[in-house]
Structures are given as C-alpha cells and as structure tokens.
Amino acid sequence: MGKKTKIYFFSDSIVIAIPMSEPMALELVASNCMLLQHTLWYYGLPTWVRGGISIGDLYCGNSEIFGPALIDAYILEETVAKYPRIVMHESTYQAGIDNTDNRQDIIFVSRQPNELRMVETLKYFDYEPQRSKVLQSIRDTLQKETNPSIQEKFQWVTEYHGIDLDLSE
C-alpha cells in the first residue's frame, strides 16, 4: 500500500481510499480488495466480501470519512453488489485505467453485463487446501441454510464460477 492509502473500518464496512493522483490508484484499490478477501479465506474465515468501488470527492480525516465517492460506493454495494462480489461502473474502470502510464487492463478485473466491472477474487484464489475449504463452506451453506436470500447468493457464486458441487454427499 502506498503512503497515501487510508483504510477505515466502521460497522461492517471497510473503506480503502487512495487519491487518484497516485499512479495506478484503481489497481491498488482493487488489489487491496482482492487481498482482503484472500486473507479472510486463507485464514479459514468463511466470510465473503461484497462492495462497490467509486471515484470522486472524498474527505478523509483521522477517524472520519465522508463525501460523494463514499455514498456512490455504498449505493453501488447496496443496489448492484447483491451477490458476494466487488463491482464498479465501467466509467470508474476507464477513469482508473486512464490514470495509469500504460493504460492496460487490470487482469483480475472482468467485464460484466450492464456496464459493470468486477474484481475476480475467487478466480485467482488457488491456495490449497484453503480453496477446498472455501468450496466446502459453499457446499455446507447450500445444504444447511434455510434463508432463501443467502441461498440465492451462494447459488450465484457456484453458477458464476462454474463450481460443480455434488450436494448429495
């Protein structure tokens, strides 16, 4: 993380803020989101991150943070990132790419329908035996969870990532 990177924790939210004046700011934010998800899984915490990435005005104090960029990211997380994923609008992605010297795509950010981009956390999580444990936690959730909303989220994970889980075990 760069010297100007700030991280805030409140409620069940984590905010990673990097000034757009920093080279590769968007790639740093996206990679920090992926690293956070990978760290949770690596240490055996079956926690799934979902969120939104935005670009805009943001006031970052010692313990306070506010501004339109935070509101935009929150709305994106609440309305679009229904499933466990980290998304951004295509316009955010393009602005971030324009901020790099080489203007190359970020390999772990994929294009999604509806002008969205998504940080591919599971696709690049290939640490064993932790990956097997993550897949087992999905299986366990789908077998035991009775809340339809949670079942829907984990069903999306299996369908999106092409995970074939034999639930008859």
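Before reading further, recall that the structure is shown in the block above.
As the structure is a prediction and not an experimental result, all values here were calculated from the model.

When you look at unusual backbone geometry in this model, what are you seeing that I'm missing?
Both trends apply: most residues other than glycine have a negative phi, and most peptide bonds are in trans. Cis geometry is adopted by the peptide bond preceding proline 129, which originates at glutamate 128 and carries an omega value of 10 degrees. Mapped onto the secondary structure, proline 129 falls in the loop between strand 8 (116-119) and helix 4 (130-144). Within the chain, arginine 103 stands out as a residue other than glycine whose phi angle is a positive 50 degrees. With respect to the element layout, arginine 103 can be found in the loop between helix 3 (90-98) and strand 7 (109-112). Its relative accessible area of 53% is what places arginine 103 among the exposed residues. If you check the backbone angles, glutamate 115 has positive phi at about 60 degrees while not being a glycine.

In this structure, what is going on with helix 1 (residues 25-42)? I would like to understand it.
Owing to its 3.6 residues per turn, the α-helix brings residues three or four apart onto one side. Given a rise of 1.5 Å per residue, 18 residues ought to cover 26 Å, and the 25 Å separating the end C-alpha atoms of helix 1 matches this to within 8%. Listing the buried residues of helix 1 in full gives Ala25, Leu26, Val29, Ala30, Asn32, Cys33, Met34, Gln37, His38, Leu40 and Trp41. Just beyond helix 1, the residue with positive phi is glycine 44, at close to 80 degrees.

I'm lost on the sheet that holds strand 6 (residues 86-89) in this one. Help?
In a beta sheet, neighbouring strands are held together by backbone hydrogen bonds and run either parallel or antiparallel to one another. Taken together, the four strands give an open sheet; going across it, the order is 3-6-8-7, and neighbouring strands pair in mixed fashion. Of all strands in the sheet, those bounded by a partner on one side alone are strand 3 (51-53) and strand 7. Each strand axis lies, on average, 35 degrees off the axis of its neighbour in the sheet, ignoring direction. Across four bridges, strand 7 lies against strand 8 in antiparallel orientation. From the neighbouring strand, arginine 111 faces strand 8, where its bridge partner is arginine 117. Along the sheet, helix 1 contacts strand 3, strand 6, strand 7 and strand 8; its crossing angle with strand 3, the most-contacted strand, is approximately 165 degrees.

Explanation requested: the pairing of strand 8 in the structure shown.
In regular strands, side chains alternate between the two faces of the sheet. Of the two faces of strand 8, the one carrying Leu116 and Met118 and the one carrying Arg117 and Val119 are both buried. Alignment of strand 6 against strand 8, held across four bridges, turns out to be antiparallel. In the strand pairing of strand 8, methionine 88 is matched with arginine 117. Between strand 7 and strand 8, which pair antiparallel one after the other, the connecting turn spans three residues, and asparagine 114 there sits at a positive phi close to 65 degrees.

What's the story with the state of the cysteines in this structure? I'm lost.
By definition, a disulfide links the sulfur atoms of two cysteines through a covalent bond. Applying the stated rule across the entire model yields zero disulfides. Counting only cysteine sulfurs, cysteine 60 is the nearest neighbor of cysteine 33, a cysteine outside any disulfide, at a range of 14 Å. Take cysteine 60: its relative accessible area is 23%, and that puts it in the partly exposed class.

What counts, and at which threshold
- Each chain carries its own residue numbering, running from 1 in the direction its sequence is written.
- Only residues with pLDDT of at least 70 are given local features in this predicted model, and only at 80 or more are side-chain atom pairs given and counted; all residues enter the totals for whole chains, interfaces and linings.
- Calculation of side-chain values draws on the structure's entire complement of heavy atoms; hydrogens and water are dropped beforehand.
- Only DSSP runs of H or I with at least four residues qualify as helices, and only runs of E with at least two residues qualify as strands; both kinds are numbered from the N terminus onward.
- Classification of residues uses two cut-offs on accessible area relative to the type maximum, computed with a 1.4 Å probe and protein chains only: under 20% is buried, over 50% is exposed, and between them is partly exposed.
- Take the number of residues in a helix, subtract one, and multiply by 1.5 Å to get its expected span.
- Think of it this way: DSSP has to see at least two bridges between two strands before they count as a pair.
- Interaxial angles span 0 to 180 degrees and are taken between N-to-C directions of axes, which are lines fitted to C-alpha atoms, for helices over the stretch in contact.
- Whether two residues touch is decided by their heavy atoms; if any such pair falls within 4.5 Å, the residues are in contact.
- Two cysteine sulfurs form what is called a disulfide whenever their separation falls within 2.5 Å.

In short, geometric facts, not functional conclusions.
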